[in-house]
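A structural walkthrough
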Amino acid sequence: MKDEILVRQLKEGHDEAFDLLYEKYKNLAIRTAYLITGNLPDSEDVVQETFVKVYLHITELKNDSGFKPWMMQILVRTAWRTGKRNGREIPDDDTVSRMENTASISPLGQMIKREEAEMISNAVRSLPVKHRTVVVLYYYNELPVTEIAKLLGCREGTVKSRLHTARKALKGALSGKDIHGEGSAEKALGLM
Amino acid sequence: MRKQGNNSVILERQVWMMKTYYEDKIKTALEMQSADISASDALKRRIDRELGRKEGALPAEKEIVMKNAEKKKFHLSGKRFVIGVAAACLLISGAAAAGKTAGYKSSIVLREPTYKSFSDLNKAEEKAGFDVDAIESFENGYEFREIRVEKTDAIDENGNTLYSFPEMWIDYNKGGNHISLVISRPPEKGTTTKAPNLTAQYGDTALRYDEYTYKFVPVGYELTAEDKANEQRDDYYISVGTDTVQMDTAKHVIWEKDGTHYNLMAMGSSGGKLTGEEMLEMAQEILEAN
């Protein structure tokens with residue numbers, strides 16, 4: 001069923017519509033939150049808070065067909081606040097261990113790919129949260145720059161600039177330059 | 001000139017290929033990093049609980065805890081209701097045995113603040129109107145997640161509210177597992193016939209550990225002969241309101257200190273594999289620290 005119809009139904013008080021919207025977006029939401037916060041407990045808190053806000057404030061959504069960007073905007077802002085509240089600008093090692101768990105059953109080629117992915121993930125994780133968010137929204141959620149700018153409430157130029165600096169750091173990681181150790185991305189970004 | 005032009009095209013193509021190469025790598029890395037993450041059923045329950053919804057119940061209909069589901073089903077005909085685990089400790093400890101109280105109905109006050117920092121415990125105490133013993137983390141790794149103050153109504157057999165009292169919920173997490181410390185000062189006291197599964201003593205405080213079996217059933221579910229027999233047991237509850245029939249175990253450590261009722265609660269499905277001994281130790285950690 002289309003988001004527009006579900007949003008209208010939820011506004012009219014049909015609770016089932018909320019369950020359907022949750023089912024549709026729950027995994028996208030938790031994976032995005034996980035990529036931004038870097039750990040599962042925080043991601044669950046973010047998704048919980050996001051959907052509670054969705055339920056309580058659905059009537060404030062003016063454009064019924066704009067549910068996804070509206071929900072994503074709530075999610076990103078909640079994730080930023082959660083990171084700040086928990087003092088976790090740089091997430092813990094949960095992501096790495098998670099990848100290691102899945103790598104154990106892979107053949108050699110897959111393992112190399114995973115190692116490479118781990119290098120990039122480390123670099124992404126060590127990016128400042130606003131750069132990391134832009135990378136996640138652009139590469140993972142495949143949102144265009146214009147939409148990311150709207151979602152984050154900033155100018156397109158800011159998004160492009162964050163993407164550019166983030167790419168530079170990530171390329172550095174892939175080229176094997178200072179790929180290990182915390183703060184590699186900050187170094188590449190000239191922030192350290 | 002022509003050669004220069006060709007070089008420029010080749011260079012552009014190389015730049016484009018490199019860009020695509022890196023961008024594909026980044027996308028793949030992010031996909032791999034998050035591929036095995038999915039939203040758990042427990043997360044949906046947490047959302048519904050915070051919204052005062054329960055497995056399809058309307059927000060206005062909160063969790064109702066009663067003994068003898070079959071009997072109450074007729075009293076509450078026309079309403080969907082849930083016999084839950086939230087206030088079960090009050091029945092377990094026998095609080096409902098006195099007076100006309102037949103059950104308890106918990107409701108989360110919407111738009112009320114949820115305290116996300118343990119340092120806000122004093123604000124929650126102020127809201128609840130009583131001081132509590134609590135700790136931020138347990139030695140076995142469970143860590144503070146949030147505090148909520150809810151309102152619990154004592155109801156009679158017809159669902160009428162007899163009186164209300166505040167209940168404080170302190171939730172703890174360890175990985176994907178959740179436990180809660182539920183604290184209240186219920187006005188009534190009673191007795192229970194159920195023998196505890198385990199007991200412990202800390203100073204003057206007696207602790208008891210109980211396990212209860214819950215059968216969650218959809219509205220309209222017809223109780224079988226076995227259900228009816230089970231329902232007579234004092235360690236068995238039937239909870240109405242889920243979409244499908246599900247079984248779960250509720251584990252409680254209960255104690256009372258200075259007139260305040262404590263219930264450290266874990267569900268078998270979401271609380272991790274905590275044993276009664278471990279939960280008693282956790283309760284003693286709370287008592288030791290205060």
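All figures in this text were calculated on a predicted structure; none of them were measured in a lab. Going along each chain's sequence as written, the residues are numbered from 1 onward. All chains are assigned letters beginning with A, and all ligands numbers beginning with 1, in the order in which they are written. Residue-level local features of this predicted model are given only where pLDDT is at least 70; pairs of side-chain atoms are given and counted only at 80 or more, and the full residue set underlies all totals for whole chains, interfaces and linings. Calculation of side-chain values draws on the structure's entire complement of heavy atoms; hydrogens and water are dropped beforehand.

With that settled, consider a negative patch on the surface. Patches in this entry comprise residues that are over 30% relatively accessible and not in a salt bridge; like charges within 9 Å are linked, as are nonpolar side chains (Val, Leu, Ile, Met, Phe, Trp, Tyr) within 5 Å. Note on areas: Shrake-Rupley, 1.4 Å probe, and residue coverage restricted to the protein chains presented here. Salt bridges are defined by distance alone: a side-chain nitrogen of Lys or Arg within 4 Å of a carboxyl oxygen of Asp or Glu. A positive count includes Lys and Arg, and a negative count includes Asp and Glu. His and the chain ends are not counted in either. Lysine's charge is taken at NZ, arginine's at CZ, aspartate's at CG and glutamate's at CD. Taken together, the side chains of Glu139, Glu277, Glu278, Glu281 and Glu288 of chain B make up a negatively charged region of the molecular surface. Think of it this way: any DSSP run of H or I at least four residues long counts as a helix, any run of E at least two long counts as a strand, and we number them from the N terminus. Structurally, Glu277 of chain B is set in helix α7 (residues 276-289).

We now examine the interface of chain A and chain B. Any two residues whose heavy atoms approach within 4.5 Å at even a single point are treated as in contact. On the chain B side, the residues contacting the 46 residues of chain A number 39 residues. Accessible area that two parts lose when put together, evaluated with a 1.4 Å probe and summed over both, is termed the buried area. For the pair chain A and chain B, the summed buried area comes to about 4000 Å², and 63% of that belongs to carbon and sulfur atoms. Taken together, chain A and chain B are joined by five salt bridges. With its nearest N and O atoms 3.0 Å apart, the salt bridge here joins Lys27 of chain B to Glu142 of chain A. Of all the elements in the fold, those that place two or more residues in the side of chain A that touches chain B are α2 (15-37), α3 (40-57), α5 (94-103), α6 (108-125), α7 (129-140) and α9 (156-174) of chain A. Charged means Asp, Glu, Lys or Arg here, nonpolar means Ala, Val, Leu, Ile, Met, Phe, Trp, Tyr, Cys or Pro, and polar covers whatever is left, Gly included. Here the residues of the side of chain A that touches chain B sort into 23 nonpolar, seven polar and 16 charged.

Below, the discussion takes up a nonpolar patch on the surface. On the surface, Met1, Ile5 and Leu20 of chain A cluster together to form a nonpolar patch covering roughly 290 Å² of accessible area. When you line up the elements, Met1 of chain A lands in the segment before α1 (3-11).

It is worth spelling out the packing of aromatic side chains at this point. All names here are of chain A. Here a Phe, Tyr or Trp ring, Trp counted by its six-membered ring, pairs with any other such ring whose centre lies within 6.5 Å, and the pair is stacked when the planes are under 30 degrees apart, edge-to-face when over 60, and tilted otherwise. Counted under the stated rule, the structure contains nine aromatic pairs over all chains. On the basis of an interplanar angle of 80° and a centroid distance of 5.0 Å, the ring pair of Phe18 and Tyr55 is categorised as edge-to-face. On the criterion of sequence distance, the pair formed by Phe18 in helix α2 and Tyr55 in helix α3 is long-range, its members being 37 residues apart. In terms of burial, Phe18 and Tyr55 fall into one category: buried. Exposure classes here rest on a 1.4 Å probe applied to the protein chains alone. A residue is buried below 20% of its type maximum, exposed above 50%, and partly exposed in between.

So, on to the pairing of strand β7 (residues 198-202) of chain B. All names here are of chain B. Any two strands with at least two DSSP-identified bridges between them are counted as paired. Bridging between β7 and strand β8 (residues 205-217) involves five bridges; their strand directions are antiparallel. For Gln201, the partnering residue across the bridge sits in β8 and is Ala206. Between the antiparallel neighbours β7 and β8 lie two residues, among them Gly203 with a positive phi of about 60°.

Residue and element names in this part refer to chain A. Its twelve residues place the ends of α7 15 Å apart at the C-alpha level, agreeing with the 16 Å of an ideal helix rising 1.5 Å per residue. Within α7, ten of the twelve residues are buried, leaving the element largely enclosed by the surrounding structure. The set of residues buried in α7 consists of Val129, His131, Arg132, Thr133, Val134, Val135, Val136, Leu137, Tyr139 and Tyr140. Two residues or fewer past α7, Glu142 is found with a positive phi of approximately 55°. The length a helix should cover is 1.5 Å for every residue beyond the first.

Right, let's get into the side chain of Thr260 of chain B. Positionally, Thr260 of chain B belongs in strand β11 (residues 260-267). Aside from chain neighbours lying at most four places away, what touches Thr260 of chain B is Phe130, Asp131, Ile183, Ser184, Arg185 and Trp255 of chain B.

What follows is about the confidence of the model for chain B. Residue and element names in this part refer to chain B. Predictor confidence is given residue by residue as pLDDT, running from a minimum of 0 to a maximum of 100. Overall, the prediction assigns chain B a mean pLDDT of 73, with 65% of residues at 70 or greater. Within chain B, α7 carries the highest mean pLDDT (95), whereas helix α3 (residues 69-75) carries the lowest (33). Note on residues 54-98: pLDDT is under 50 here. Beyond four places in sequence and across chains, it has 152 contacts. Here the predicted complex carries an ipTM of 0.73, next to a pTM of 0.48.

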